[in-house]
Amino acid sequence: MNKKVLWIVVPIAIIVIIVWSLFSWYINTRNQLIHLEENTNAGWAEIDNQLQRRNDLIPNLVATVRGYAAHEHDIFTSIADARSRLMGAGGVAETAAASGQLEGALSRLLMIVENYPQLKADQNFIRLQDELAGTENRLAVARRRYNEGVREFNARIRFFPANIIAGHLGLERKPYFEIPEAAREAPVVSF
């Protein structure tokens, strides 16, 4: 092979290798970002699923308690209001706030139950309370997984040079599922 052809072929081969490497990196990074976004979407869907499960259990729990504690009207109203807010919540922050309100109302309900020993022994109540506890555990796991996915996604779209591709795809940071401070306080119930 003569030197003139070699001077042409070698730079072309290097350029082809560089272009192919950049193209492969772009496709790989793009696919990773899409995969991470889908993981966060799936995590949110699981939270939504567990919140719906909890919402479906609550009317049964309230009906069981109401038979024993009919005069505790305020707690039943606050549970119904919080449940309605949760079902109508629009985004992660609004859902987290409504979920926190509902958790606070449920905590107050369970504190009221302590004053009714015959209710605590009722098989329907025990079964519903176990179902609710299981749902709360599933919800906690779903929240943790969602927040881990959000953390990974948010970090990845901020890393250079993946942030260029993320910007090109229109990917934005996703919010964490955080319970508001007001919902973290122990409920106060007075009799």
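For the structure, see preceding data.
Residues numbered from 1 in each chain as written. Predicted model: local features only at pLDDT ≥ 70, side-chain atom pairs only at ≥ 80, totals over all residues. Heavy atoms only, no water.

(A) Examining the packing of aromatic side chains more closely. Taken as a whole and assessed by the stated rule, the structure comprises three aromatic pairs. Between tryptophan 44 and phenylalanine 177, the aromatic rings sit 5.8 Å apart at their centres with planes inclined by 40°, giving tilted as the arrangement. Of this pair, tryptophan 44 sits in helix H1 (residues 3-68) while phenylalanine 177 sits in the loop between helix H6 (162-169) and helix H7 (181-184); the two residues are 133 residues apart in sequence, bridging distant segments of the chain. What makes phenylalanine 177 buried here is its relative accessible area of 3%. Members of the aromatic cluster, each reached through a chain of ring pairs, are Trp44, Tyr146 and Phe177. A cation sits over an aromatic face here: lysine 174 above phenylalanine 153, 5.6 Å from the ring centre. (Phe/Tyr/Trp six-rings, centres within 6.5 Å; stacked < 30°, edge-to-face > 60°. Helix = DSSP H or I, 4+ residues; strand = E, 2+ residues; numbered from the N terminus. Buried < 20%, exposed > 50% of the residue type's maximum accessible area, 1.4 Å probe, protein only. Lys NZ or Arg CZ within 6 Å of the ring centre and 35° of its normal.)

(B) The arrangement of the side chain of arginine 54 in detail. Inspection of the secondary structure assignment puts arginine 54 in helix H1. Polar side-chain contacts of arginine 54 include one of 2.9 Å to the side chain of serine 99. A polar side-chain atom of arginine 54 sits 2.9 Å from a polar atom in the side chain of glutamate 136. (Polar contact = N/O pair within 3.5 Å; in protein donor to acceptor, adjacent residues only side chain to side chain.)

(C) Representation of the nonpolar core within the structure. Among the nonpolar cores identified, the biggest contains 32 residues, and Ile79, Leu106 and Leu109 are the most heavily contacted of them. Those elements that place two or more of their residues in this core are H1, helix H2 (73-87), helix H3 (92-113) and helix H5 (123-158). At nine residues, H3 tops the list of elements feeding residues into this core. Non-local contacts of isoleucine 79, meaning those with residues more than four positions away in its chain, are made with Ile58, Val62, Leu102, Ala105, Leu106 and Leu109. Membership of the second largest hydrophobic core comes to seven residues, among which are Leu33, Leu36, Phe153 and Ala166. (Core = buried A, V, L, I, M, F, W, Y, C linked by side-chain atoms within 4.5 Å. Contact = heavy atoms within 4.5 Å.)

(D) Structural context of the environment of arginine 158. With respect to the helices, strands and loops of the structure, arginine 158 is situated in helix H5. Taking relative accessible area as the criterion, arginine 158 reaches 55% and is therefore assigned exposed. The spacing of arginine 158 and arginine 173 is 15 residues in sequence and 8.7 Å in space, taken between C-alpha atoms. Beyond its immediate chain neighbours, meaning those up to four positions away, arginine 158 contacts Asn163 and Arg173.

(E) Representation of the pattern of salt bridges in the model. A full pass over the atoms with the stated rule returns six salt bridges. One salt-bridge network, held together by shared partners, links Arg54, Glu103, Glu136 and Arg143. (Salt bridge = Lys/Arg side-chain N within 4 Å of Asp/Glu carboxyl O.)

(F) Region of interest: unusual backbone geometry. In this structure, proline 161 follows phenylalanine 160 across a cis peptide bond, with omega equal to 0°. Examined against the element boundaries, proline 161 turns out to sit in the loop between H5 and H6.

(G) Fine view of a nonpolar patch on the surface. Taken together, the side chains of Val5, Ile8, Val9, Ile12 and Val16 present a nonpolar region at the surface, about 410 Å² in accessible area. Relative to the helices and strands, valine 5 resides in helix H1. (Patch = residues over 30% accessible without salt bridge, like charges linked within 9 Å, V, L, I, M, F, W, Y side chains within 5 Å. Areas by Shrake-Rupley, 256 points an atom, 1.4 Å probe, with all protein chains shown as cover.)

(H) Representation of H6 in the model. By the burial criterion, the buried members of H6 are Ala162, Ile165 and Ala166. Along the long axis of H6, the arc covered by the buried residues comes to 100°, so they all point the same way. Seen from the buried face of H6, the exposed residues on the opposite side, beyond 90 degrees, are Ile164, Gly167 and His168. Positive phi appears at glycine 170, one or two residues downstream of H6, with a value of about 75°. (Arc of directions from axis to C-beta.)

(I) Fine view of the packing of H3 against H5. For the pair H3 and H5, the least separation of the axes is 13 Å and the interaxial angle reads 150°. Considering the angle they form, H3 stands roughly antiparallel to H5. For H3 against H5, the interelement crossing comes out left-handed. Contact residues: H3 offers Val92, Ser99, Glu103, Leu106, Leu110 and Val113, while H5 offers Phe125, Gln129, Leu132, Glu136, Leu139, Arg143 and Tyr146. By residue class, the composition of the contact of H3 with H5 is eight nonpolar, two polar and three charged. (Axes fitted to C-alpha atoms, helices over the stretch in contact; angles between N-to-C directions. Parallel < 35°, antiparallel > 145°, perpendicular 65-115°, else oblique. Left-handed = near helix turned anticlockwise from the far one by under 90°. Nonpolar A, V, L, I, M, F, W, Y, C, P; charged D, E, K, R; others polar.)

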